Amino acid sequence: MSHRKFEAPRHGHLGFLPRKRCKRGRGKIKAFPKDDPSKKPHLTGFLGFKAGMSHVIREVEKPGSKLHNKEKSEAVTMIETPPMTVVGCVGYVRTPNGTKQFKTIWAKHVNDGFKKRIVKNWYKTKKTNAFSKIASRYGNEKELEKMKDLMKKYCHSVRAICHTQMVVNSKKQIRSVHSKRDPIMEFQVNGGTVAEKIDFVVGKFEQDIRIKDVFNMEEMIDVISITQGRGFKGVTSRWHTKKLPRKTHKGLRKVACIGAWHPARIQYSVARAGQKGYHHRTEMNKKVYRIGEKENMKTSGVTESDITNKSINPMGGWPLYGYIKNDFVMIKGTCGGPKRRLLTLRKSLLSHVGSRNAMEKVNLKLIDTTSKKGNGRFQTTAEKKAYFGPTKRERTVIVSAGGDKTV
């Protein structure tokens, strides 16, 4: 009998197998929060784009802790959340084989970005014919009321079909995201009876839903995303196995023994080289530190300690993203995915009544808006200008229209 020279627990979690590239490029909600009929009908999720990270300084409110009433620096992630448009209502029924789709009601008018996502060859199709049959069905009020009555009678859950508008009035909402096809997703409607849910969704057809209508300040939410892709990696990087001694023959970033002689095959639990990253992951309990509105973008980064107004955008913009121009949400800590990645935000599945972190008030003292492209020194352009004084161009006075200049 042989024996191990070193005892150690296994490397890597087997619950995330298979570690392969995800099929779709956005996070899928696989479980929705538990429904509470006593509340008003509301959506349970939203879509956003990851803009970048910064840090904030806040005052901690934890009586009994050594950090109580002291300032603490924390990392935050900015997620731009353009308004979503409701275009459909889906009803689900319980069957012996699980939950199945029962009926779908569509809005009469949908934009081209939505059609581009569902039509296979948009550039070949006749633009007027796309989605026209469903729109004509909606135009018949009797047919619509008949479908609504059937859904109210048999369905046990209702979901709203929503999409983010990538192009509005021939202008891109997010310039750094190159897709012109709108991302479409179903979000479950919680609260109220089934009839109230259906009336709520149908009443929102062709209307915009904003992030402030779904989430609140200091709320705990979940972020579902596709992680950043790393390509084909070896076992040391992919599973974090221990490196072999320096003089090992034929390389040391390997697994020394990949299994016994019998069974004469490699077991699934043995660490092997392969794909790392671009996996579907859900991160839970991310606290919302701020929800910003498009109308107040010029003062979106102001706290009680700031003397002047400033935007949430850092000097020079967010690297590889640009400037946030729509509604946004600031969450504590990190989240999966690179910049510009589409993220799915979901209401938490858990109850946070007894959690001190969830119930703690957020008192921000500073939101850092220095340049993220180097060692930033100044929070705003005005602060930099006051420190360095007027530039050479500003000191130059144009004497005449002919172009003569004096310094």
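Above this text is the structure in question.
First things first, this report covers the structure right here in the doc. (Residues numbered from 1 in each chain as written. Predicted model: local features only at pLDDT ≥ 70, side-chain atom pairs only at ≥ 80, totals over all residues. Heavy atoms only, no water.)

**Structural notes on the nonpolar core**
And step 1. In this structure, Met78 and Ile324 are the most contacted members of the largest nonpolar core, which totals 61 residues.
And step 2. Per element, the largest residue contribution to this core is five residues, and it comes from strand S2 (residues 45-59).
And step 3. Residue contacts for methionine 78: discarding those within four places in its chain leaves Phe49, Lys50, Ala51, Gly52, Ile312, Trp318, Ile324, Val329, Met330 and Ile367.
And step 4. Counting eight residues, the second-largest nonpolar core is a separate cluster that includes Tyr92, Val110, Phe114 and Ile184. (Core = buried A, V, L, I, M, F, W, Y, C linked by side-chain atoms within 4.5 Å. Buried < 20%, exposed > 50% of the residue type's maximum accessible area, 1.4 Å probe, protein only. Helix = DSSP H or I, 4+ residues; strand = E, 2+ residues; numbered from the N terminus. Contact = heavy atoms within 4.5 Å.)

**Re the pattern of salt bridges**
And step 1. Summed over all chains, the structure comprises 19 salt bridges.
And step 2. Taking the shortest distance from any N to any O, the salt bridge between glutamate 74 and lysine 72 comes out at 3.4 Å.
And step 3. Classification of lysine 72 as partly exposed rests on a relative accessible area of 30%.
And step 4. As a salt-bridge pair, lysine 310 and aspartate 306 come within 3.9 Å of each other at their nearest N and O atoms.
And step 5. When its relative accessible area of 5% is taken as the criterion, lysine 310 is described as buried.
And step 6. A single network of salt bridges, built from pairs that share partners, joins Arg58, Lys72, Glu74, Lys332 and Glu360. (Salt bridge = Lys/Arg side-chain N within 4 Å of Asp/Glu carboxyl O.)

**A short note on the layout of surface pockets**
And step 1. Of the volumes computed, that of the largest pocket is approximately 1000 Å³.
And step 2. Lining the largest pocket are 26 residues, with Arg4, Phe6, Val255, Ala256 and Cys257 positioned closest to its centre.
And step 3. When its residues are assigned to classes, the lining of the largest pocket shows 13 nonpolar, six polar and seven charged.
And step 4. Looking at the second largest pocket, its volume works out to about 470 Å³.
And step 5. Looking at side-chain class alone, the lining of the second largest pocket contains six nonpolar, seven polar and six charged residues. (1 Å grid on protein atoms, 1.4 Å probe; cavity = no way out; pocket = protein on both sides within 12 Å on 5 of 7 lines; lining within 4 Å. Points joined across faces, edges and corners; volume = space filled by probe spheres on them. Nonpolar A, V, L, I, M, F, W, Y, C, P; charged D, E, K, R; others polar.)

**A look at the side chain of glutamine 165**
And step 1. Inspection of the secondary structure puts glutamine 165 in the loop between strand S6 (157-164) and strand S7 (167-168).
And step 2. The exposure class of glutamine 165 is buried, given its relative accessible area of 16%.
And step 3. Side-chain polar atoms of glutamine 165 contact the side chain of threonine 85, separated by 2.6 Å.
And step 4. A distance of 3.3 Å separates the side chain of glutamine 165 from the side chain of aspartate 208, its partner in a polar contact.
And step 5. Non-local contacts of glutamine 165, meaning those with residues more than four positions away in its chain, are made with Pro83, Thr85, Asn111, Gln173, Asp182 and Asp208. (Polar contact = N/O pair within 3.5 Å; in protein donor to acceptor, adjacent residues only side chain to side chain.)

**Description of the environment of alanine 107**
And step 1. With respect to the element layout, alanine 107 can be found in the loop between strand S5 (98-106) and helix H1 (112-118).
And step 2. Sequence separation between alanine 107 and glycine 64 is 43 residues; the distance between their C-alpha atoms is 54 Å.

**Points about the pairing of strand S4 (residues 84-95)**
Two faces make up the sheet, and in a regular strand the side chains alternate between them.
And step 1. Judged by how many residues are buried, S4 sits mostly within the fold: 10 of 12 residues are covered.
And step 2. Relative to S6, S4 runs antiparallel, the two being bridged by eight bridges. Counterpart to valine 90 in the pairing with S6 is arginine 159.
And step 3. Here S4 pairs with strand S10 (residues 208-209) via two bridges, running antiparallel. Note that in S10 the partner of threonine 85 across the bridge is aspartate 208.
And step 4. In this structure, S4 lies alongside S5, joined through eight bridges in antiparallel fashion. Its bridge partner being in S5, cysteine 89 is matched across the sheet by isoleucine 105.
And step 5. In textbook terms, the turn of a hairpin is the stretch between consecutive antiparallel strands, and for S4 and S5 this stretch comprises two residues. (Pairing = 2+ DSSP bridges.)

**Quick notes on helix H3 (residues 141-154)**
And step 1. In this model H3 runs 20 Å from its N-terminal to its C-terminal C-alpha over 14 residues, within 8% of the 20 Å that 1.5 Å per residue would give.
And step 2. Those residues of H3 that fall on the buried side of the exposure criterion are Leu144, Met147, Lys148 and Met151. Buried residues of H3, seen end-on, are gathered within an arc of 100° and therefore sit on one face of the element. For H3, the exposed residues lying more than 90 degrees away from the buried face are Lys142, Lys146 and Lys153. (Expected span 1.5 Å × (residues − 1). Arc of directions from axis to C-beta.)

**A closer look at a positive patch on the surface**
And step 1. Taken together, Lys20, Lys23, Arg24, Lys28 and Lys30 make up a surface patch of like positive charges.
And step 2. By secondary structure assignment, the location of lysine 28 is in the segment before strand S1 (42-43). (Patch = residues over 30% accessible without salt bridge, like charges linked within 9 Å, V, L, I, M, F, W, Y side chains within 5 Å. Areas by Shrake-Rupley, 256 points an atom, 1.4 Å probe, with all protein chains shown as cover. Lys, Arg positive; Asp, Glu negative; His and termini not counted. Charge placed at Lys NZ, Arg CZ, Asp CG, Glu CD.)

**Quick look at the pairing of strand S17 (residues 363-367)**
And step 1. By the criterion of burial, S17 is predominantly enclosed, with four of the five residues buried.
And step 2. Where S2 meets S17, four bridges bridge the pair, whose relative direction is antiparallel. Of the residues in S17, the one forming a bridge with isoleucine 57 is leucine 366.

**Here we look at the environment of glycine 203**
And step 1. Looking at where glycine 203 falls in the secondary structure, it is placed in helix H4 (residues 194-203).
And step 2. Judged by relative accessible area, which is 42%, glycine 203 ranks as partly exposed.
And step 3. The spacing of glycine 203 and phenylalanine 16 is 187 residues in sequence and 40 Å in space, taken between C-alpha atoms.

**Things to note about the packing of aromatic side chains**
And step 1. Scanning the entire structure with this criterion turns up five aromatic pairs.
And step 2. With a centroid separation of 6.0 Å and 55° between ring planes, the pair formed by tryptophan 106 and phenylalanine 114 is classed as tilted.
And step 3. Consider the rings of phenylalanine 378 and phenylalanine 388, whose centres lie 5.7 Å apart with planes at 70°: the pair is edge-to-face. Pair noted here: phenylalanine 378 is in the loop between S17 and helix H7 (381-388) and phenylalanine 388 is in helix H7, with a separation of 10 residues, a long-range link.
And step 4. Over the ring of tyrosine 92 we find arginine 159, and its NZ or CZ is 4.6 Å from the ring centre. (Phe/Tyr/Trp six-rings, centres within 6.5 Å; stacked < 30°, edge-to-face > 60°. Lys NZ or Arg CZ within 6 Å of the ring centre and 35° of its normal.)

**Here's the deal with the packing of H3 against H4**
And step 1. For the pair H3 and H4, the least separation of the axes is 8 Å and the interaxial angle reads 145°. Between H3 and H4 lies a crossing of right-handed hand. Residues Lys148, Met151 and Lys152 of H3 form the contact with H4, whose participating residues are Val194, Ala195, Ile198, Asp199 and Val202.
And step 2. For the contact of H3 with H4, the class distribution of residues is five nonpolar, no polar and three charged. (Axes fitted to C-alpha atoms, helices over the stretch in contact; angles between N-to-C directions. Left-handed = near helix turned anticlockwise from the far one by under 90°.)

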